[in-house]
Amino acid sequence: MIHFKQIATGMQYIFRLLCPLLWINVLLFPAFGVAQTSRCEKQNPVEKKLIEWSAVEPDSRTVRKLANQFEQTPFDGFVFRATTRTGEQMMWHIWGDRKYELEEFGQVIDDFQATKFVNLTDRFLRVNVTPGSVDWFNDDAWKIVLHNFQVAAQLAKQTGSIGILFDTEQYNIRLFDSEEMQKVFPHHSQDYRTKLRQRGCEWIQAINAEYPDISILMTFGYRAAQDSEIKNFRVGNYELLAPFLDGILSACDERTKIIDGWEYAYGYQRECEFRDARRVMKHQAKNWAADRCRYEKHAQASFGLWTDYSLRDYGWDLTEHSKNFHTPLDFESRLRFAMQHSDRYVWVYSGVPNWWTGERLPTEYIDALTNAKTAAQVE
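All values derive from a computational prediction rather than experimental measurement.

Peer 1: How do you make sense of the pairing of strand β4 (residues 163-167) when you look at a structure like this?
Peer 2: Put simply, side chains in a regular strand alternate between the two faces of the sheet. In terms of residue burial, β4 counts as a mostly covered element, since five of its five residues are buried. One ladder, built from five bridges, connects strand β3 (residues 124-128) with β4; its direction is parallel. Its bridge partner lying in β4, N128 is registered against D167. Tracing the backbone out of β3, into helix α5 (residues 139-158) and back to the parallel element β4 gives a crossover that is right-handed. As paired elements, β4 and strand β5 (residues 215-218) share four bridges and run parallel to each other. Bridge pairing in β5 places G163 opposite S215.

Peer 1: Got a minute to help me understand the sheet that holds strand β8 (residues 303-306) in this structure?
Peer 2: Strand pairs in the sheet, formed through backbone hydrogen bonds, run parallel or antiparallel to each other. One open sheet holds the nine strands; their spatial order is β7-β6-β5-β4-β3-β2-β1-β9-β8, and the pairing between them is parallel. Single-partner strands in this sheet number two, and they are β7 (299-301) and β8. Between one strand axis and the next, the sheet turns through 25° on average, direction left out of account. In the sheet, β5 pairs with strand β6 (residues 257-260) via four bridges, with the strands oriented parallel. Paired with S215 across the strands is K257, a residue of β6.

Peer 1: Hey, could you run me through the packing of α5 against helix α7 (residues 189-210) in this one?
Peer 2: The geometry of a pair of packed helices is captured by two quantities: the angle between their axes and the separation between those axes. At a minimum axis distance of 8 Å, the contact between α5 and α7 shows a crossing angle of 35°. Handedness of the crossing formed by α5 with α7: right-handed. Seen from α5, the contacting residues are D139, W142, L146, F149, Q150, A153, Q154 and K157; seen from α7, they are R199, E202, W203, A206, I207, A209 and E210. Grouping the amino acids of the contact of α5 with α7 by side-chain chemistry returns eight nonpolar, two polar and five charged.

Rules behind the numbers
Residues numbered from 1 in each chain as written. Predicted model: local features only at pLDDT ≥ 70, side-chain atom pairs only at ≥ 80, totals over all residues. Heavy atoms only, no water. Buried < 20%, exposed > 50% of the residue type's maximum accessible area, 1.4 Å probe, protein only. Helix = DSSP H or I, 4+ residues; strand = E, 2+ residues; numbered from the N terminus. Pairing = 2+ DSSP bridges. Right-handed = clockwise from strand over helix to strand, strands pointing away. Axes fitted to C-alpha atoms, helices over the stretch in contact; angles between N-to-C directions. Left-handed = near helix turned anticlockwise from the far one by under 90°. Contact = heavy atoms within 4.5 Å. Nonpolar A, V, L, I, M, F, W, Y, C, P; charged D, E, K, R; others polar.

So, in structure tokens, the structure goes:
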């Protein structure tokens with residue numbers, strides 16, 4: 001019969017044998033501790049945020065007038081437009097020969113500084129690549145573009161905005177289209193790539209001179225510059241966008257964030273589409289960027305959803321929601337997927353419904369947004 005004393009003695013013997021091995025494991029494999037830390041970090045996810053972007057963005061007067069009302073929505077911020085005192089919209093002329101000065105937007109700064117923001121902390125000033133009528137190789141013309149974006153950075157900072165919404169869609173002259181550029185401003189193809197990388201450096205340096213820790217939310221990123229486009233969403237030739245982005249990443253301030261807004265997600269319906277898109281932004285895109293390390297450091301994944309998407313085919317029915325591309329339940333589900341797979345931001349674009357005034361906006365869609373936002377914070 002085995003006595004308890006014998007068992008205890010045996011256990012002590014085994015422990016003395018194993019103890020050195022345990023210490024060797026700790027000394028030689030410290031990665032075990034790192035893995036534990038990594039798992040702990042995952043328990044504290046980044047807060048996901050919703051950004052509103054209307055087909056007609058609010059100007060500063062609208063923001064000042066309706067901010068208290070808009071604060072009641074689940075949004076964490078919004079995209080706005082800057083207009084001069086005469087009503088000219090900066091975003092449509094910023095990439096041309098019109099030179100702006102900060103003094104032209106004094107009322108914009110006054111309106112924002114007079115408005116108390118509580119929940120709407122993440123605001124973005126919209127800027128475009130329009131009219132795009134500048135030869136990339138024309139130094140004098142390019143100085144005006146740089147000056148205008150420097151003014152935009154000043155304006156974003158003085159309005160307390162987190163950054164700019166950089167709409168890279170080619171509405172007028174297709175300045176990232178390698179074929180069109182050869183027709184409008186003929187230069188050697190390799191010279192184009194070198195020049196755009198240079199311009200990207202200059203562009204971000206002008207912005208960072210005024211706003212080093214700016215966040216730049218882009219509608220299209222590196223994916224658009226690749227040869228093949230995602231099925232059913234042809235955005236055209238953006239080949240030259242890649243070297244421009246390479247220049248931005250190579251010269252941006254260490255605190256600058258470059259957010260791929262992934263406008264492709266407008267029509268997404270299944271979670272796998274958001275998951276696959278995130279994989280492209282977080283992994284595959286590193287192979288398209290000139291500097292993988294800089295991309296990993298500065299790039300973030302985001303998604304855009306369109307409330308009344310595909311208006312031509314579906315319309316926007318205020319009562320029979322089953323006729324819309326997104327029913328309220330669909331809208332909630334897809335928002336949840338987007339927030340789950342984004343790094344921080346999901347932006348919601350709208351054509352007909354107005355999130356600011358509540359016009360043509362059924363309450364069911366407001367509830368869907370609220371539910372998705374609540375679920376994202378719990379997860």
